[in-house]
Amino acid sequence: MTHTAGTFLFSLFFLCLASSVEYVESSQPASLAAEDISTNSNGPKQDSLFDDDPEDLFAEATEEVSLDSPERDVLLSDGPSPAITPITPPTSVITPLAKYTKCIFFPVIEEEEGGDSFDIHISVSDPEKVGEYMTSISLFKRNEFAVKRRFSDFLGLHSKLASKYLHIGYIVPPAPEKSIVGMTKVKVGKEDQSSNEFVEKRRSALERYLMRTVKHPILLKDPDVLQFLESSELPRAVSTQALSSAGLLRMVNKAADAVNKMTIKMNESDAWFEEKQQHFENLDVQLRKLHTSVESLVCHRKELSVNTAQFAKSAAMLGNSEDHTALSRALSQLAEVEEKIDQLHQDQANADFYLFSELLGDYVRLLTAVKGVFDHRMKTWQKWQDSQMLLQKKREAEAKLQFTNKPDKLQQAKDEIKELEGKVQQGERDFEQISKTIRKEVSRFEKERVKDFKTIIIKYLESLVQTQQQLIKYWEAFLPEAKAIS
Amino acid sequence: SSKTLRSVSVDLNHDASLLIDIPDALCERDKVKFTVHTKTTLSSFQKPDFSVPRQHEDFIWLHDTLVETEDYAGLIIPPAPPKPDFDSPRDKMHKLGEGEATMTKEEYTKMKQELEAEYLAVFKKTVQVHEIFLQRLSSHPVLSKDRNFQIFLEYDQDLSVRRKNAKEMFGGFFKNMVKSADEVLISGVKEVDDFFEQEKTFLLDYYSKIKDSTAKAEKMTRAHKNIADDYIHISATLNSLAADDMTANKKNLEKLSDLFEKFRKVEGRVASDQDLKLTELLRYYMRDIQAAKDLLYRRARALADYENSNKALDKARLKSKDIPQAEEHQRQCLQKFDKLSESGKKELTSFKGRRVVAFRKNFIEMAELEIKHAKNSVALLQGCIELLKSN
């Protein structure tokens, strides 16, 4: 194990209780690993779990570096950095935070029109700082897998999924953000509170990301996802490095696209889409606002914790200075109470963040993906229209050629027209397909959103209840001490 | 209620022969006009029941004249009430006005209400602290008989003319002297009395500790307030989300918004109760300790005077010149010093008793209020959780 670069490996503990036989048995990690794992892999094989669509959508899916994916550009993965000795995972620090960050999701993936339901529980745990190479897996039972993955692996997975599914209307959950500042601190080997918190934040974010991805019935069956979850060794995500130039390309195209979007005036025949787009715009604004307020709450709660700790120390000193014995003791007790309350505030701040704030942050990012699929629909429409216009032109040209004596050119024109007619038909089919997909996706997304919020908000409120109940305990214990002053 | 506000100092205003309170006050562009109401059975006053309007500067004048009075050198002069300070809510109101465009109307209204409550709290605090100052005087066996105190209570004309004259008379000389004669003076003097030696050590140390505690308590309270304000914004945004929501989720969002609105009121009360019972308590006794320290300064000066008079007497004896004057001077210095020491001892002892009683009362009340608010919060939260789960 060399130490040429520092990075964190995350263990994926993957437990699948599958009532769907198809899922477990059809997965063949070994063979998949042997096969081509470039981004050229197709989507899921035809299977009956995909409900009413007879066509294999992905038969024609070609690899395109998605020029117009609205997701955030994937930056360079961890590049070369100075040699670092691995540190032992600071598990003792992780634990109190983990109360709110581990295993939040226990989803039951509901059947969609006759599919099977199954439970999946993914936990991302035990971040280990290791060198370049991955260590061996541990395979538990048949239904349980544990694999090690790098952060860049997660980004690589998302990049693949985005390029495959976004442009046909699927809402692909965005991967967690890279944080150059946070990562640098960790790489330099700073083992302090903030870098531990950074690791925990990232671990929690990755867990939620994966859970959201596998909750999606289509993505769950994607071979890249399966490989990611099960394969003992993933090839180093080369693409994330290559993406730096592709990423640059994307940035340029994004700008161009922004201009294009303004000029696409789509004839919206379907009011549903307009309504939904507006709805998501509004939702985005409100969620961002709410997110800001909650971030402020987290900040102030942390401040309160710090101030309480400082006051506790000060009260202790005052108690030492106090020459009246009983009052001196009461002041010391007060200092102790405040110290305990400080810890309460710290815990509450974690709940504020990991439950409430991160929920909102995740949805703000998800909405970006949602808005993206709407954009793709517009572009699909535009493509179809462009083909139509071109066909029209060709027909006019052919008509003109009828009067000239150029049989070769005429034939060529007729051939081109036939080809274009095919394209136009395809364009229309694509447009109808993406519209249908988006309708389904939006419906699924909204249901998930509501459920998600409810579950997590209830958990958050329960954390607030716990804090208040502890406060009662502490002050009730202090009260007799105060009364004892005489 | 006004009763709880007065609890930084207890056992005041029980003597029916002289009862003082500030039943109301007016705030006109940052100038506060206090109505000082006196009820008395003492014949030294012209009427048994009367009120006068007073400004903050009048209180300061009264305090300063008491400090300057040599006869009171051996007493702890109750600390002067601090100037009414509306800067904090005023600045916040200003910022709120600037940020109005970023909030919904409802949000803005709530924030404004919060600030108005803050104004009111500052106002109540300043009334309380001025009232306590007068009540400390009225309950003191010596100070209650002070003539300037009587003038302050009774004189039905504007005191500002009198104030100007007094300033010219004293020029703040004594007060400035005490202020500049810092710890060096006290610690430099050789202490002959164990009691005062202990008191000196204790008061100097305690003062710096309680000053620190006051500042830290204030920071704690402010953080609480900030959290309550955050809840306002959260509640408002949830409300907007509810308004836009056309699904069954609408009700959940409304319940949640309502919860945070109620919750923030409780948090606000936690903050203000902590402010009154803890921060204000510490702040008051910090100032009281300073007043006790001033007493020690004055005694130390008297001791220094006495020692100087001894030296002068020795010198006079050496020169065989002006001996009787020197002897008389020395005798006077000693008398003054002894009087100061005797009175000072009494004052400092009763001060400790007063402090202990006040701390006890406030700690009990603070703990009880914290428990009450926490129980309230639990009920609110659990109610909302039930509603959400049942939907």
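Residues numbered from 1 in each chain as written. Chains lettered and ligands numbered in written order. Predicted model: local features only at pLDDT ≥ 70, side-chain atom pairs only at ≥ 80, totals over all residues. Heavy atoms only, no water.

- In the annotation of an unreviewed UniProt entry, chain B is listed under the name Sorting nexin and assigned to Astatotilapia calliptera.
- Its UniProt record gives chain B the following Sequence similarities (unreviewed entry) comment, quoted word for word: "Belongs to the sorting nexin family." (UniProt positions renumbered as here; feature names shortened; annotations may be inferred.)

- Under an unreviewed UniProt entry, the name given to chain A is Sorting nexin-2, and the source organism is Astatotilapia calliptera.
- In UniProt, chain A has this text filed under Sequence similarities (unreviewed entry): "Belongs to the sorting nexin family."

Some remarks on the pairing of strand 2 (residues 31-40) of chain B
Residue and element names in this part refer to chain B.
Here comes step 1: With nine bridges connecting them, strand 1 (residues 18-28) and strand 2 associate as antiparallel partners. Bridge assignment links Leu26 to a residue of strand 2, and that residue is Lys33.
Here comes step 2: Connecting the antiparallel pair strand 1 and strand 2 is a turn made up of two residues, with Arg29 showing a positive phi of about 40 degrees.
Here comes step 3: Here strand 2 runs beside strand 3 (residues 49-55); their pairing, made up of seven bridges, is antiparallel. Bridge pairing in strand 3 links Thr38 to Phe50. (Pairing = 2+ DSSP bridges. Helix = DSSP H or I, 4+ residues; strand = E, 2+ residues; numbered from the N terminus.)

What about the packing of helix 9 (residues 194-244) of chain B against helix 10 (residues 249-319) of chain B?
Residues and elements named next belong to chain B.
Here comes step 1: Relative orientation of the contacting elements helix 9 and helix 10 amounts to 165 degrees, with a least axis distance of 7 Å. As the angle between them shows, helix 9 and helix 10 are arranged roughly antiparallel. Judged by the twist between their axes, the crossing of helix 9 over helix 10 is left-handed.
Here comes step 2: Taken together, the residues of the contact of helix 9 with helix 10 break down into 30 nonpolar, 11 polar and 14 charged. (Axes fitted to C-alpha atoms, helices over the stretch in contact; angles between N-to-C directions. Parallel < 35°, antiparallel > 145°, perpendicular 65-115°, else oblique. Left-handed = near helix turned anticlockwise from the far one by under 90°. Nonpolar A, V, L, I, M, F, W, Y, C, P; charged D, E, K, R; others polar.)

Comments concerning the interface of chain A and chain B
Here comes step 1: Every contact between the two is made by 51 residues of chain A and, on the other side, 60 residues of chain B.
Here comes step 2: The contact between chain A and chain B buries some 5100 Å² in all, and 70% of this surface belongs to carbon and sulfur atoms.
Here comes step 3: Inspection of the region where chain A meets chain B yields six salt bridges.
Here comes step 4: Summed over the shared surface of chain A and chain B, the result is 18 residue pairs in polar contact (both at pLDDT 80 or more).
Here comes step 5: Those elements giving two or more residues to the side of chain A that touches chain B turn out to be helix 10 (271-321), helix 11 (325-402) and helix 12 (407-483) of chain A.
Here comes step 6: No other element matches helix 10 of chain A, which puts 23 residues into the side of chain A that touches chain B.
Here comes step 7: Residues that form the side of chain A that touches chain B fall into these classes: 28 nonpolar, 13 polar and 10 charged. (Contact = heavy atoms within 4.5 Å. Buried area = accessible area lost by both parts, 1.4 Å probe. Salt bridge = Lys/Arg side-chain N within 4 Å of Asp/Glu carboxyl O. Polar contact = N/O pair within 3.5 Å; in protein donor to acceptor, adjacent residues only side chain to side chain.)

Some words on the sheet that holds strand 3 of chain B
Residues and elements named next belong to chain B.
Here comes step 1: One open sheet accounts for three strands, arranged 1-2-3; its pairing is antiparallel. One side of each edge strand has no neighbouring strand; the edge strands of this open sheet are strand 1 and strand 3. Across the sheet, the mean angle separating the axes of adjacent strands is 20 degrees when strand polarity is ignored.
Here comes step 2: Helix-sheet contacts for helix 4 (residues 105-138) involve strand 1 and strand 2, and the interaxial angle to strand 1 is about 155 degrees.
Here comes step 3: Contacting strand 1, strand 2 and strand 3, helix 5 (residues 147-154) runs over the sheet at an angle of about 95 degrees to strand 3.

With respect to the nonpolar core
Taken as a class, soluble globular proteins show a tendency for nonpolar side chains to be buried jointly.
Here comes step 1: Ranked by internal contacts, the top residues of the largest apolar core, which has 135 residues, are A:Leu461, A:Trp475, B:Phe359 and B:Phe363.
Here comes step 2: Tallying contributions element by element places helix 11 of chain A first for this core, with 22 residues.
Here comes step 3: Residue contacts for B:Phe359: discarding those within four places in its chain leaves A:Leu327, A:Leu331, B:Tyr206, B:Ile210, B:Leu281, B:Leu282 and B:Tyr285.
Here comes step 4: One finds B:Phe34, B:Val67, B:Val127 and B:Phe149 within the second-largest nonpolar core, a separate group that totals 30 residues. (Core = buried A, V, L, I, M, F, W, Y, C linked by side-chain atoms within 4.5 Å. Buried < 20%, exposed > 50% of the residue type's maximum accessible area, 1.4 Å probe, protein only.)

Details of the environment of A:Ile218
All names here are of chain A.
Here comes step 1: With respect to the secondary-structure elements, Ile218 resides in helix 7 (residues 217-220).
Here comes step 2: On the basis of relative accessible area, Ile218 is assigned to the buried category, the value being 8%.
Here comes step 3: Between the C-alpha atom of Ile218 and that of Ser387, which follows or precedes it by 169 residues, the distance is 30 Å.

A short note on the packing of aromatic side chains
Here comes step 1: The tally for this structure, following the rule as stated, stands at 27 aromatic pairs over all chains.
Here comes step 2: With centroids separated by 5.4 Å and ring planes inclined at 45 degrees, the aromatic side chains of B:Tyr231 and B:Phe260 adopt a geometry described as tilted. Residue B:Tyr231 is located in helix 9, and its partner B:Phe260 is located in helix 10; the two are separated by 29 residues in the primary sequence.
Here comes step 3: For B:Tyr231, a relative accessible area of 0% gives the class buried.
Here comes step 4: Of the residues examined, B:Phe260 reaches a relative accessible area of 1% and is grouped as buried.
Here comes step 5: Ring pairs connect the aromatic residues A:Trp272, A:Phe273, A:Phe280, A:Tyr363, A:Phe374, A:Phe445 and A:Phe453, which therefore count as one cluster.
Here comes step 6: The residue whose ring lies beneath A:Arg149 is A:Phe228, and the NZ or CZ to ring-centre distance is 5.4 Å. (Phe/Tyr/Trp six-rings, centres within 6.5 Å; stacked < 30°, edge-to-face > 60°. Lys NZ or Arg CZ within 6 Å of the ring centre and 35° of its normal.)

A short note on the side chain of B:Lys225
All names here are of chain B.
Here comes step 1: As for its position among the elements, Lys225 is in helix 9.
Here comes step 2: The exposure class assigned to Lys225 is buried, which follows from its relative accessible area of 14%.
Here comes step 3: In contact with Lys225, not counting residues within four places along its chain, are Lys92, Glu114, Glu118 and Ala271.

A few points about the packing of helix 9 of chain B against helix 11 (residues 323-390) of chain B
Residues and elements named next belong to chain B.
Here comes step 1: Orientation of helix 9 relative to helix 11, taken along the N-to-C sense of each, is 40 degrees, at an axis distance of 12 Å. Relative to helix 11, the element helix 9 lies oblique. The crossing of helix 9 and helix 11 is left-handed. For the pair formed by helix 9 and helix 11, the contact residues are Phe195, Phe196, Glu199, Phe202, Leu203, Tyr206 and Ile210 on the first element and Ser341, Gly344, Lys345, Leu348, Thr349, Phe351, Lys352, Arg355 and Phe359 on the second.
Here comes step 2: Partitioned by chemical class, the residues of the contact of helix 9 with helix 11 number nine nonpolar, three polar and four charged.

Digging into unusual backbone geometry
All names here are of chain B.
Here comes step 1: Although it is not a glycine, Ser320 adopts a positive phi angle of roughly 55 degrees.
Here comes step 2: Non-glycine residue Asp322 carries a positive phi angle of around 60 degrees.
Here comes step 3: Counting through the fold element by element, Asp322 comes out in the loop between helix 10 and helix 11.
Here comes step 4: Here Asp322 falls in the partly exposed class, since its relative accessible area comes to 42%.

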